[in-house]
Amino acid sequence: MTKRLLGRSLLAAVLITELVAGCTAGGTSGTQTGTTNSTGAAPDTSLKTALQTDIATFDPDNNFEVAGLGAILAVYQGLVAYGPGTTKIQGLLAKSWTVSPDGLTYTFTLRDGVKFGSGKSMTSADVKASFERRMSSKFVLNYFLAGVASMQTPAPNLFVVKLKSPEPGLLDSFCSPWGPKIVGPDGLGTHKAGDQSAAWLTDHADGTGPFLLSSFVRGQGYKFDRNPNYWGEKPAMSSVSAKIVPDIGQQVLQVQNGDLDLVQHGYPFTQLASLPAGLQVEAYDDLGLEMAFINPTRNLKSAAQRTKVKAGLNPAGWINDAFGKYATPAKSLYPSAMLTPAKPYQWPTASSVADVAVPPLEIGYAAGEAGVQQRVADLLISQLGSVGIKATARSLSDAEPSNFAKNLNKAPDIFLAQNNPDSADPGSQAGLFYTTGGGLNIFGYSNPAADKLFATANATVDIGKRNALYDQGAQLIFDDGGFVPLADVKDVIVHRGGLKNFGTKPGVPWNVDFGTITR
Amino acid sequence: MTLPAGAVKLARRPVPSLVRSSHSGRVRWGDRIALGALLLVTLLAAFGPLLAPDDPNARVGAAFQAPSAGHLFGTDDIGRDVFTRVLSGIALTWLPGLTIIAGGVIVGGIVGLLSGAFGGWIDTVLQRLTDLFLVLPATLIAIAVVAALGPGLVNSVVAVSVFWWPWYSRIMRGEIKTLAARPHVEAARLAGASRLRLLTRYLLPGAVPAMVVAATLDVANVVLVLALFSFLGLGAPAPSPELGAMSARSLESLTTAWWLPIVPAVVIFLLAFAANVAGDGVRRMLQSV
Amino acid sequence: MKRFLLLRLAGLVGVLVVMTAVVFVLRQLLPADPARAAVGPNAPESVVAAKRVELGLDQPLYLQFGRYLDHLFLHGDLGQSSRTSRPVGGDIIGALPASLELVVAAVLVAIVIGLVLALGELLLPWAKPIRWILLAGASAPIFLTGLLGLLLLWFKWHLLPGGGRSGLADAPTGPTGFLTVDSLLAGRPLLAWDAVQHLALPALTLGLPMGVAVGRALWSSLLGTMRQDYVRTARSKGLTEGQVVRRHALRNSAAAPLSMAGLQIGLILANLLIVERIFAWPGIGLYTVQSLGTDDLTAVLGVALVTGAAYIVINALVDLAQAVADPRVSL
């Protein structure tokens, strides 16, 4: 992920930059831009970063990827959001809200003076139109609002949502980086074109955020300029550029060489201990728990076999080699930023399962995460070998895991991943992974006792009681060896030039906040 | 599908027909050494893993150690011995390469033989088929094939093999056609030799030298193509020590531990270089230029 | 000539149909579900099912193939990429200029390398070691040359940049898509120079194997030509060896190196994947590598079809060039 920001408010500054880039090898132009500053030109308020993958679509109702989230959140905003560094819910475009005692009616009071990039003011009608668009079956993120029964706009600054049944996790899902965003009247009206603006909003934007999407060149990169109509504090950066650099090795070279200001995600953990001078590390927690999914159908049918594998996976033995100081052994099947277990998980010892036979295993991981997972897999193969289990590993296409269930006997025995749930609500984690039929319960694991506890939790409004139930259900699953939590891994940003105030949040993995970042 | 003859050219280095060459040429020592190197690499591929100091998948020390007497090529990102892994990796590149060539020689040889010996509609059909394979962008399609079948060494070998035989078919057919027109074959035919006898006694033995030269010259090509597949992640699964994959996976260490991506790539280079030099040697010996 | 062009055109269509069929069959073997890939891992099954219907994946195979062929040949539609959610044709058109610019530069580099190596070995008595350079060049895996270029020329010595097409963010994006040309059209010579510098390292890496192969073919072809009678006649007229080569031999030796160049285009297209990945060059190679990583076979097939067609067209043009260069070659 690379965003490249180059101030072009001053023609002179551009010319100087070009001169410098032209006179020296282009590879050092970033550094040279910095030199320009010290000689008295305007301070460099551009930020250059990179993305590992294209932003498939900039449409906030269709984009489910992680890589470009920071860019989308710099342009679009929701009603509420998690506060910096926390999973506490704060107002964003809504300054306050109330929830009816039955948990069915949410009333949001909108912030005054909010304008879209086009200059038009935001009213509750825009919010309603955006929510209606999100609910259309055309858009893949429509499930966020599947429980909405009706919406009203009693006043230009009041927006009311009525639910079909109570959803204690609703506000969390609104805070999700993939949650509903407010799209302006230009985006929804002017460019409607019979497809609810789906085509136009793919590579254009109309949001309320601190930046405007000023250039979207597929396969090459994106550029964002400060939104002159932004309602909040003016961002320090006048522009952000993000070019596509799929290979993390290339990103590493470019940030070391000064062609990039920061690598937002994926900088190899192995190299953090010996960074060249001028590079700094910023680490923060996210909700992506490093986890091993266990296939209970192929080679690990018995609980005893799964216990033996669990002993071989124990993170205490390899976590330091994999992540250095940037990870801690997982405490539970929930990321630590989401939930703390009532009692610590019990890891089996290798000697207690020495006489259980386990056939050679296959470990899989998604190609998109190969940078981290192939090392973890290599380490696990080594450690599994020490308890007498042979294993191989291979990367799988990112879409393959969702098809495992069709033929579990051909699926790998263990799948490694750091998946990001939609929000910081434990229900989103349990529902996605651990519940029978969950969207990312890729091996079709089923534990009726745990399902029961989760079902009760989903209907419980009291947060403490809810979390206790989610915790108990996960304990059962861990003891049975259905899922094995491995590590709470920090997200790491590597940057140069003394960048500060990254505005990172556990619920927004892999991405910095362009609006808060300063130099 | 019909393509004019001009549409199809030799896919790799041209091998002149050897039909007219005598086999009494002076053999250079340099070529013998090159041939010896080829044999040595094959032996290394077959038995190298036995000579390796460590288990290729075991962690033997701290990660990222620079090359030293203890670890000739250093250690990798999780502390495995790179020298051991490279030794094992040679087998994973070389032996599949030889397999692909053997397959190409056999399949292409048979197709070319039938085509050249029978002529007529058999020739037309087989040569149009060969043309089709020769005009396809072979490597790209093979990549798509492996991607669809799922990455793996076997799938890579199969996919490459599918596109590797047509060249041999062309050479074999050309040799057979040339040989068939020669006086002593003509004479044998007039004397009433059976078609089978003509084939086994005159045509096939005459075509062998050209096929041998083509195959030797081809080893380097196939090694490089397999390395390309491995680099793209289409080869054997981890922790298998494939040379191309080792290089690709440590790209990010280029500035901090340059030997991790560079050493496996250099070893591939040496394999291909040995094969190329030996190929030239074989050509000279059999062609006696 | 007309017959040649017609045959070639028929061949092109035939090969495309075969390729389409091959990859369409392969697509059925894929472990991944394109519908799931299109809507993301967190979406519920109902959304996936709706997508499946939208993509026509619920229909029988022959209908899907018919639909694919219909879209391809009647509408030039290569299908929709599951990774970018956009038409593959559009994606390829977007990425093509960057690759074309690189390939053109690489071919120029290759011609220079090929001429220098062949003529050097032929004319300069002290240049016999060039044979070893040729052999070494033909033996280096493309990622070795790429990595060494990155490490030494970019990172250690800072002679050339090694990532992307330009160090500057506000590069023009049209009208030709060739950054070097567009910069000049926009009146920004410094940016054009920057673009040329960024082009240098990947073009060298990509052009080297082709240059070596062409050089070898040209050299052995020249060797044969130099034994011909008319060359002897030319020599006896008192021309220097260089003049003989320039005026007589080169033109008559062009056929073999030209067909080698045509064939090497196929290799360049494959090597493009690796070079664009190593140098972060935003063209179709990078597009293919990214598509491979996400099992976006529709996109990989689209690239294979387009580059396959280009490959066949280029080789037809090479045959034409041979006829022009050497009148003895008939079509």
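Rules behind the numbers
Residues numbered from 1 in each chain as written. Chains lettered and ligands numbered in written order. Predicted model: local features only at pLDDT ≥ 70, side-chain atom pairs only at ≥ 80, totals over all residues. Helix = DSSP H or I, 4+ residues; strand = E, 2+ residues; numbered from the N terminus. Buried ≥ 20, exposed ≤ 12 C-beta atoms within 10 Å, placed from the backbone. Pairing = 2+ DSSP bridges. Axes fitted to C-alpha atoms, helices over the stretch in contact; angles between N-to-C directions. Contact = placed C-beta atoms within 7 Å. pLDDT = per-residue confidence, 0-100. Core = buried A, V, L, I, M, F, W, Y, C linked by C-beta atoms within 7 Å. Parallel < 35°, antiparallel > 145°, perpendicular 65-115°, else oblique. Left-handed = near helix turned anticlockwise from the far one by under 90°. Nonpolar A, V, L, I, M, F, W, Y, C, P; charged D, E, K, R; others polar.

A.B. asks: Would you mind going over the overall build of chain B with me for this structure?
C.D. replies: Per the secondary structure count, chain B includes 10 helices and 0 strands. Secondary structure of chain B in N-to-C order comes out as α-α-α-α-α-α-α-α-α-α. Across the 289 residues that make up chain B, the buried fraction comes to 57%.

A.B. asks: How should the sheet that holds strand β5 (residues 94–99) of chain A be read in this particular structure?
C.D. replies: Backbone-to-backbone hydrogen bonds pair the strands of a sheet. The strands run either parallel or antiparallel. Residue and element names in this part refer to chain A. The 4 strands lie next to each other as β5-β6-β8-β7, forming an open sheet whose pairing is antiparallel. For this open sheet the edge positions go to β5 and β7 (148–155), each flanked by a neighbour on one side alone. Strand-to-strand twist in this sheet, taken as the mean axis angle between neighbours without regard to direction, amounts to 20 degrees. Bridge count between strand β6 (residues 105–110) and strand β8 (residues 158–163): 5 bridges; the pairing is antiparallel. From the neighbouring strand, T105 faces β8, where its bridge partner is K162. Strand contacts of helix α4 (residues 124–135): β6, β7 and β8, with the helix running at about 165 degrees to β7, the strand carrying the most contacts.

A.B. asks: Explain the interface of chain A and chain B to me, please; I cannot follow it from the model alone.
C.D. replies: Quite often, the size of an interface is put as the accessible area lost when its parts meet. With 22 residues of chain A in contact, the opposing surface of chain B contributes 18 residues. Residue assignment for the side of chain A that touches chain B shows that the elements contributing at least two residues are α8 (248–257), α11 (370–386) and β16 (391–396) of chain A. Per-element accounting of the side of chain A that touches chain B gives the leading share, 7 residues, to α11 of chain A.

A.B. asks: What is the right way to look at the confidence of the model for chain C in this model?
C.D. replies: The predicted coordinates of low-pLDDT regions are not to be read in fine detail. All names here are of chain C. Residues of chain C with pLDDT of at least 70 account for 90%, and the chain-wide mean is 81. Mean pLDDT values over the elements of chain C span from 71, in helix α2 (residues 34–39), up to 90, in helix α5 (residues 88–123). In the predicted complex, the global pTM is 0.80; the interface-specific ipTM is 0.82.

A.B. asks: Could you clarify how one ought to interpret the nonpolar core in this entry?
C.D. replies: In a soluble, globular protein the nonpolar side chains are often hidden away together inside. Within the largest apolar cluster, 230 residues are counted, with the highest numbers of intra-cluster contacts made by I141, A144, V223 and L271 of chain B together with A106 of chain C. Top element by residues in this core is helix α8 (residues 195–231) of chain B. It accounts for 20 residues. In this structure, A292, L313 and F323 of chain A together with V47 of chain C belong to the second largest nonpolar core, which totals 104 residues.

A.B. asks: What should I look at first to understand the confidence of the model for chain B in this one?
C.D. replies: Residues and elements named next belong to chain B. Per-chain confidence: chain B averages 82 in pLDDT, with 89% of residues scoring 70 or above. Put simply, helix α4 (residues 138–149) is where chain B has its lowest mean pLDDT, 81, and helix α2 (residues 82–118) is where it has its highest, 91. In this model, residues 1–14 is a region of pLDDT below 50 whose contacts with residues beyond four sequence positions or in other chains number 38 contacts. Low pLDDT, under 50, characterises residues 18–25; the predicted model gives this stretch 17 contacts beyond four residues in sequence or across chains.

A.B. asks: Help me understand the packing of α5 of chain C against helix α6 (residues 130–139) of chain C in this model?
C.D. replies: Between two packed helices, the angle of one axis relative to the other and the distance separating the axes together describe the packing. All names here are of chain C. With their axes 9 Å apart at the nearest point, α5 and α6 run at an angle of 150 degrees to one another. If you check the angle between α5 and α6, you find them roughly antiparallel. Handedness of the crossing formed by α5 with α6: left-handed. Here L117, G120 and E121 of α5 lie close against α6, whose contacting residues are I130, R131, I133 and L134. Considered class by class, the residues forming the contact of α5 with α6 number 4 nonpolar, 1 polar and 2 charged.

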